[in-house]
Amino acid sequence: MTAPAPAVLTEPARPSAARLTAVELRKMTDTRSGRGLLIIIALSTVALMPVIVFTVPEQDQTLLEMLVATQAGVSLLLPVIGILAVTSEWSQRTALTTFALVPGRFRVLGAKAAATGLLATAFLVIGLAVAAATRALGGAFGRSAGDWSIPPARLGGLLVFSLAMVFMGLAFGLLLQSPALSIVLFFVVPTLWSTLNELVKKLQKPAEWLDANRTLAVLSDPAAGTATAGEWARIGVSLAVWLLLPLVIGLFRLSRREVK
């Protein structure tokens with residue numbers, strides 16, 4: 001009798017990028033704190049609608065004005081999602097499990113970035129639906145008479161603004177790898193920098209290129225026109241400082257950090 005052939009162990013297939021992204025999206029809603037934060041962000045898209053309908057002149061109640069208002073709370077809170085997405089593995093001590101199942105740390109990070117980007121896009125779509133519903137109701141009750149049109153360039157600018165904010169949060173979280181410290185510094189450091197620019201005259205000119213609050217404002221201001229080439233250049237420089245630089249340093253730290 002011949003001996004049975006030894007079993008051949010085959011390496012399991014790697015999870016696809018889509019599956020990893022779906023897992024990261026599920027992580028953001030699995031906890032009460034995550035669900036609560038997403039609910040608050042969703043509610044913030046509606047919060048300013050009554051203010052616009054009852055305080056802004058009828059002709060100024062455009063669909064674009066309302067859409068920008070829906071993103072005010074989103075742009076403030078959504079970066080926290082990006083921070084928590086990249087710090088959760090370390091703060092909740094799940095890094096060993098995550099990186100044992102998917103050893104490629106950059107693949108996991110890519111899934112987290114894709115998940116937060118999808119959330120930013122989803123909240124812009126939700127905001128557009130809320131703005132359209134508010135404009136329709138305002139028109140039906142004779143309180144809104146503004147323009148219904150939104151130039152595609154302005155819609156694209158708002159999407160860039162939302163993605164820039166959430167990815168800056170992600171970069172800060174990746175750099176500091178501590179949720180509390182990242183959240184505090186994400187809001188404090190740019191505010192201090194903007195305040196310093198206003199107080200020191202010699203910094204006002206460099207701030208036109210290095211202050212992300214100032215450069216990104218053209219994308220979220222309903223009164224502003226389409227961003228010019230010069231404004232896009234200033235946006236690019238400020239994002240290189242506030243997004244790309246912390247991201248590169250954070251990637252280096254991620255590749256070197258010991259998993260315990």
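Look up: the structure comes first, before these words.
Note that residues are indexed from 1 along each chain, following the sequence as it is written. This being a predicted model, a pLDDT of at least 70 is required before a residue's local features are given, and a value of 80 or more before pairs of side-chain atoms are given or counted; all residues contribute to the totals for chains, interfaces and linings. Neither water nor hydrogens contribute to the side-chain values; these are computed over all heavy atoms in the structure.

Student: Run through the overall build of the protein chain, naming residues and quoting values.
Tutor: In this description a helix means any DSSP run of H or I spanning at least four residues, a strand means any run of E spanning at least two, and both kinds are numbered starting from the N terminus. Across its full length, the protein chain holds 12 helices and 0 strands. For the protein chain, the α and β elements follow one another from N to C terminus as α-α-α-α-α-α-α-α-α-α-α-α. In terms of principal-axis extent, the alpha carbons of the protein chain reach across some 90 × 50 × 35 Å. Throughout this description, buried means an accessible area under 20% of the type-specific maximum (1.4 Å probe, protein chains only), exposed means over 50%, and partly exposed covers the range between. With 260 residues in all, the protein chain has 40% of them scored as buried. For the protein chain, the proportion of contacts with a sequence separation of at least 24, taken over those separated by at least 6, is 76%. Calculation of accessible area relied on Shrake-Rupley with a 1.4 Å probe; when residues are assessed, cover is drawn exclusively from the protein chains displayed. When the accessible surface of the protein chain is summed, it comes to about 14,200 Å², and 69% of that surface belongs to carbon and sulfur atoms. In what follows, a contact means two residues having at least one pair of non-hydrogen atoms within 4.5 Å.

Student: Residue-level account of the packing of helix α7 (residues 152-176) against helix α8 (residues 179-199), with values.
Tutor: At a minimum axis separation of 9 Å, α7 and α8 run at an interaxial angle of 130°. By the criterion of interaxial angle, the relationship of α7 to α8 is oblique. Where α7 crosses over α8, the two elements pack in a sense that is right-handed. Here Met165, Met168, Gly169, Phe172, Gly173 and Leu176 of α7 come into contact with α8, specifically with Leu181, Ser182, Leu185 and Phe186. Its residues assigned to classes, the contact of α7 with α8 comprises 7 nonpolar, 3 polar and no charged. A fitted line through C-alpha atoms represents every axis, and for helices the fit uses only the stretch in contact; the resulting angles, taken between N-to-C directions, go from 0 to 180 degrees. Orientation labels follow simple angle bins: below 35 degrees gives roughly parallel, above 145 gives roughly antiparallel, 65 to 115 gives roughly perpendicular, and whatever is left gives oblique. By convention the crossing between two helices is left-handed if the near helix lies anticlockwise of the far one by an angle smaller than a right angle, and right-handed if it lies clockwise. Put simply, Ala, Val, Leu, Ile, Met, Phe, Trp, Tyr, Cys and Pro go in the nonpolar bin, Asp, Glu, Lys and Arg in the charged bin, and everything else, Gly too, in the polar bin.

Student: Go over the nonpolar core, please, and point to the residues and values.
Tutor: What makes a nonpolar core is a set of buried Ala, Val, Leu, Ile, Met, Phe, Trp, Tyr and Cys residues whose side-chain atoms join them at distances within 4.5 Å. In this structure, Met168, Leu216, Leu219 and Leu239 are the most contacted members of the largest nonpolar core, which totals 18 residues. Within the residue set of this core, elements represented by two or more residues are α7, α8, α11 (217-220) and α12 (229-256). No other element matches the 5 residues that α7 contributes to this core. When neighbours within four sequence positions are excluded, Leu216 is seen to be in contact with Phe161, Ala164, Met165, Met168, Ile235 and Leu239.

Student: Explain a nonpolar patch on the surface to me, using residue names and the numbers behind them.
Tutor: Like-charged residues are merged into a patch within 9 Å and nonpolar side chains (Val, Leu, Ile, Met, Phe, Trp, Tyr) within 5 Å, provided each residue has over 30% relative accessible area and no salt bridge. Definition used for salt bridges: Asp or Glu carboxyl oxygen within 4 Å of a side-chain nitrogen of Lys or Arg. Taken together, the side chains of Val184, Val188 and Leu192 present a nonpolar region at the surface, about 260 Å² in accessible area. With respect to the helices, strands and loops of the structure, Val184 is situated in helix α8.

Student: Describe the packing of aromatic side chains, with residues and values.
Tutor: Pairing of aromatic rings covers Phe, Tyr and Trp, the last counted by its six-membered ring, and requires centre-to-centre distances within 6.5 Å; plane angles under 30 degrees mean stacked, over 60 mean edge-to-face, and any other angle means tilted. Counting across every chain of the model gives 2 aromatic pairs. Ring centres of Phe172 and Phe186 lie 5.4 Å apart, and the angle between their planes is 85°; on these two criteria the pair is classed as edge-to-face. With Phe172 in helix α7 and Phe186 in helix α8, the pair connects residues that are 14 residues apart, well separated along the chain. A relative accessible area of 9% places Phe172 in the buried class. For Phe186, a relative accessible area of 6% puts it in the buried group.

Student: Could you give me a rundown of the pattern of salt bridges, with the residues and numbers involved?
Tutor: Within this structure, the stated rule accounts for 4 salt bridges. Between Glu24 and Lys27 there is a salt bridge, and its shortest N-O distance comes to 3.2 Å. Linking Glu24 with Lys27, this pair stays in helix α1 (residues 17-30), spanning 3 residues, or about one helical turn. Relative accessible area serves as the criterion here: at 5%, Glu24 is assigned to the buried category. In this structure, Lys205 and Glu208 form a salt bridge, with 3.7 Å as the shortest nitrogen-oxygen distance. Of this pair, Lys205 and Glu208 are both found in helix α9 (residues 204-210), 3 residues apart, which corresponds to roughly one turn of the helix. Judged by its relative accessible area of 59%, Lys205 falls in the exposed class. Here Glu208 falls in the partly exposed class, since its relative accessible area comes to 29%.

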